[in-house]
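Given next are the chains, with one letter for each unit.
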Amino acid sequence: MNVQNPLPAFRPFVAAGAAAQKPLDLVEVRYRPLPNAGGDVLLTNPFGDWVFVTQGEMSALVRGQLDDGTPLHQKLAAKNFIRSKISVETEAKRLARKKRFLAYGPNLHICVVTLRCNETCVYCHASRADMDQVQTDMSPEIGEKVVDFMLQSTSPGVTLEFQGGEPLANFPVMKHIIEYAVQKNRAYGKQLDFTLVSNLGLMTEDKLSYLVDHKVQICTSIDGPEALHTKQRVLVGGNSHREAARWIERINKKYIELGLDPTLYHVEALLTTTREALKYPREIVDTYRNLGCRAIFLRPVDPFGFAKKTAGRIEYDRREYHDFYRTAVDHILSLNAKGEEILERYAAIFLTKILMDEDSNFLDIRSPSGSAIGALAYNYDGSIFSSDEGRMIHEMGDDFFKIGDVRTSKYRDVMKHETVRALVLASIRETQPDCNVCTYAPYCGIQPEHSYRSQGSIFGQMRQSTLCSVHKGIQDFLFEKLHTGDASTVDTLKRWTTIRERSHFIQSSAAS
Ligand code: SF4
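Cut-offs and rules
The residue numbers shown here count from 1 along each chain, following its written sequence. Totals for whole chains, interfaces and linings use all residues, but because this is a predicted model, local features are given only for residues with pLDDT of at least 70 and pairs of side-chain atoms are given and counted only at 80 or more. Helix and strand definitions here come from DSSP, where helices need a minimum of 4 consecutive H or I residues and strands a minimum of 2 consecutive E residues; each element is numbered from the N-terminal end. Computation of the radius of gyration draws on C-alpha atoms, with the globule rule given as 2.2 Å multiplied by the number of residues to the power 0.38. With C-beta atoms placed from the backbone, the exposure class of a residue follows from how many other C-beta atoms lie within 10 Å of its own: 20 or more, buried; 12 or fewer, exposed; in between, partly exposed. What counts as a contact is two residues whose backbone-derived C-beta atoms lie within 7 Å of each other. Strands qualify as paired when DSSP identifies two bridges or more between them. Every axis corresponds to a line fitted to the C-alpha atoms, with the helix fit spanning only the stretch in contact, and the corresponding angles, defined between N-to-C directions, vary from 0 to 180 degrees. Bear in mind that the domain bounds are from an automatic or database domain assignment. Asp, Glu, Lys and Arg are counted as charged, while Ala, Val, Leu, Ile, Met, Phe, Trp, Tyr, Cys and Pro are counted as nonpolar; the rest, among them Gly, fall into the polar class. In this scheme the handedness of a crossing depends on how the near helix is turned from the far one: anticlockwise by less than a right angle means left-handed, clockwise means right-handed.

### Quick word on the overall build of the protein
Then comes step 1: Along the backbone of the protein there are 19 helices and 16 strands.
Then comes step 2: Here the C-alpha radius of gyration of the protein, 24 Å, is about what a compact globule of 512 residues would show, namely 24 Å.
Then comes step 3: If you line up the protein on its principal axes, its C-alpha atoms span 75 × 50 × 45 Å.
Then comes step 4: Put simply, the protein has 512 residues, and 43% of those count as buried.
Then comes step 5: A sequence separation of at least 24 residues applies to 69% of the contacts in the protein between residues at least 6 apart.

See the structure below:
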C-alpha cells in the first residue's frame, strides 16, 4: 500500500527579509540543549526516537543545510528523522503498539475502605480522620457494589488497591471485599490482583497470615531515616518508623518461607519528599537499602489534602528537588556499580519509554493520562472518582472529579461522563500548550488533577507547573547520563527497564 506521507516537514529558521527556503527533509524536530551534555543538543521526534547533535550540526540544520549522504544526514536517517525515509505504516503500527492501553479500560481500582488513620502525617494527601470517626468506614454492602462495578471494566485484568486512611483499621470489610471479589470473578475470569497500601502500624500476625494466604501485595511508606520519618509521620504512643521497619522485615521473611524469589518478592515502599527530606538524599537511599527494598520512588510532595495547609513548612522550589534527585540517583548508580541491585522508579518509567520504545502504562505519566480511562477511585461512601487525586480534592470540599456512585450509576454512563471526556482532552500531550513543542513530549505525561489543584484548571500551563518541572528535571538528568555516562552506567539504566511480573500475586480465576 502506498500511503502519502502526512508528516509535517521541519522548516529551518529564516531571518526576516531573507529569501524563503525550501523545507528540510526532516520530520517535526524538537530540540533541547542540556547543561551537562558536553555542549551537544538533544533532538527528539514525535515517534520517540532521539539523537544528540553537536552545536555545529545544529547550526547547519538551523541554516537549512542537510545534504544527502553527509554524516549528519546518515545519523538522522538512522533514527527516523528524515521525512522521505519514514515508513508511515511502520510508524503507525509502532504508535498503536505503544498506545494499546487505550483499548483496555480502567485496570486500577482504588478502594478507600476508611478515612480513619492511626498516624498523623504532616503532608497527609488523603485528609485522614481520627480513629473514632467510624462513620468514614466503608460498609460490606458498599464494598460489594464496588466489586460489582469494578468487574464491569472492559480491562481483562483488574487490580483492587486498598487505601485509606489506614485500610487495616477496617480489616473485616477488606476481608469481605477480597472474598467477594474472588468469588464473583469466577464468572468473569479476569486477571485479578489485590494491593494494600498501609503504614503497617495496625498489622498483626493474624492479619499478615490472611494477606499472604490471599496473595495481597503489600506496599508501605518510608520517608527516610528514623528521625525524619517519625517527625513527618506521627504515631501517637509509638514509633512509626520502627513499626514499619519491623513489619517490612517480617513480611519479607514470610515470602522467603513461602519459597518466593526475594529479588522479586519483597515489600515496596514509597517516599514523600518534603523540604526537610531534601537534606538527606543519600541517607534516604541507605534507609531503603537497609530495609531490604530494591526500588525507591523519589516522589515530590503533592498539593492535595493537608499538604496544601502545611505548604509553608513542607514545600520547596523544584530546582532544589532536581539537586536532591541527582544526588540520590547518583548514589544509587554508584551502589549498582558495586553490584547492589536497586533502582529509582521515576527513572525506570521514563527509561522504559526512552530506551525500550515501550509504554509501561504508568497512569500519571502517559498520554492521555489514566484518569478514569485507566483507573477509578471509590470513596468509603460509594462515590466514584476519576482518580484518587480527584477523591482527595473532594475531601477538600470540591466535587469536580466525582463521576458517579456505585449504588446508582451504570458503568457506561460513568465512562462517558463529560468530566471524563474533558480529562482525556486535557491530558493529550500533543494538544497542550508547552507539551506540544516539548522535547520530552514522546515520553511524558500530564496529570489534569494536579493542574486543577495548583493552577485552577485541568488545562494547565506547563511552564508554571511544578510537576512539569519535576518531569523535565528528571529527563534532563537521564538523557545527560545516557549521553555522557560510562558503559556500565548506561548498562545499569537499561537494566532498570526490565519488567518481571510477580505472578504469585495473581488470583486464580474461573478457568483454574
Ligand atoms: S509536562 Fe512538561 S516536560 Fe512533560 S511534555 Fe509537558 S512540557 Fe514537556
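### Looking at unusual backbone geometry
Then comes step 1: A cis geometry characterises the amide bond from Gly-164 onward to Gly-165, with omega recorded as 15 degrees.
Then comes step 2: As for its position among the elements, Gly-165 is in the loop between β6 (157-163) and α5 (171-188).
Then comes step 3: A cis geometry characterises the amide bond from Ser-367 onward to Pro-368, with omega recorded as -5 degrees.
Then comes step 4: Mapping Pro-368 onto the fold places it in the loop between α13 (345-356) and β14 (375-378).
Then comes step 5: The backbone phi angle of Asn-80 is positive, close to 65 degrees, even though this residue is not glycine.
Then comes step 6: Despite not being glycine, Asp-357 has its phi angle at roughly 55 degrees, a positive value.

### Remarks on the sheet that holds strand β3 (residues 50-53)
Pairing between the strands of a sheet is mediated by backbone hydrogen bonds and can be parallel or antiparallel.
Then comes step 1: The strand order across the open sheet built from three strands is β1-β2-β3, with neighbouring strands paired in antiparallel fashion. Each having just a single partner strand, β1 (30-33) and β3 make up the two edges of the open sheet. Pairwise comparison of adjacent strand axes, ignoring direction, gives a mean angle of 25 degrees for this sheet.
Then comes step 2: With four bridges joining them, strand β2 (residues 41-44) and β3 adopt antiparallel strand pairing. In the sheet register, Leu-42 faces β3, and the bridge partner there is Phe-52.

### Some words on the domain arrangement of the protein
Then comes step 1: When its domains are assigned, the protein resolves into domain 1 (30-98) and domain 2 (100-414).
Then comes step 2: Domain 1 puts five residues into the contact, and the matching count from domain 2 is six residues.
Then comes step 3: With three residues, helix α3 (residues 88-98) is the single largest residue contributor to the side of domain 1 that touches domain 2.
Then comes step 4: Its residues placed into classes, the side of domain 1 that touches domain 2 shows two nonpolar, one polar and two charged.

### Some points on the packing of α13 against helix α18 (residues 466-484)
Then comes step 1: One can describe the packing of α13 onto α18 by two numbers: an axis separation of 10 Å at closest approach and a directional angle of 65 degrees. Between α13 and α18 the crossing geometry is right-handed. Across the interface between the two elements, Tyr-346, Ala-347, Phe-350, Leu-351 and Ile-354 of α13 pack against Ile-474, Gln-475 and Leu-478 of α18.
Then comes step 2: Its residues assigned to classes, the contact of α13 with α18 shows seven nonpolar, one polar and no charged.

### Points about the environment of Ala-129
Then comes step 1: Within the element layout of this structure, Ala-129 appears in the loop between β5 (119-121) and α4 (140-150).
Then comes step 2: For Ala-129, a count of 20 C-beta atoms within 10 Å corresponds to the buried category.
Then comes step 3: Linking Ala-129 and Arg-30, residues 99 residues apart in sequence, is a C-alpha distance of 47 Å.
Then comes step 4: In this structure, Ala-129 is in contact with Leu-115, Arg-116, Thr-136 and Gly-165, ignoring residues within four places of it in sequence.

### As for the pairing of β2
Then comes step 1: Bridge count between β1 and β2: four bridges; the pairing is antiparallel. Residue pairing across strands places Pro-33 opposite Val-41, the latter belonging to β2.
Then comes step 2: In textbook terms, the turn of a hairpin is the stretch between consecutive antiparallel strands, and for β2 and β3 this stretch comprises five residues, one of which, Gly-48, has a positive phi near 100 degrees.

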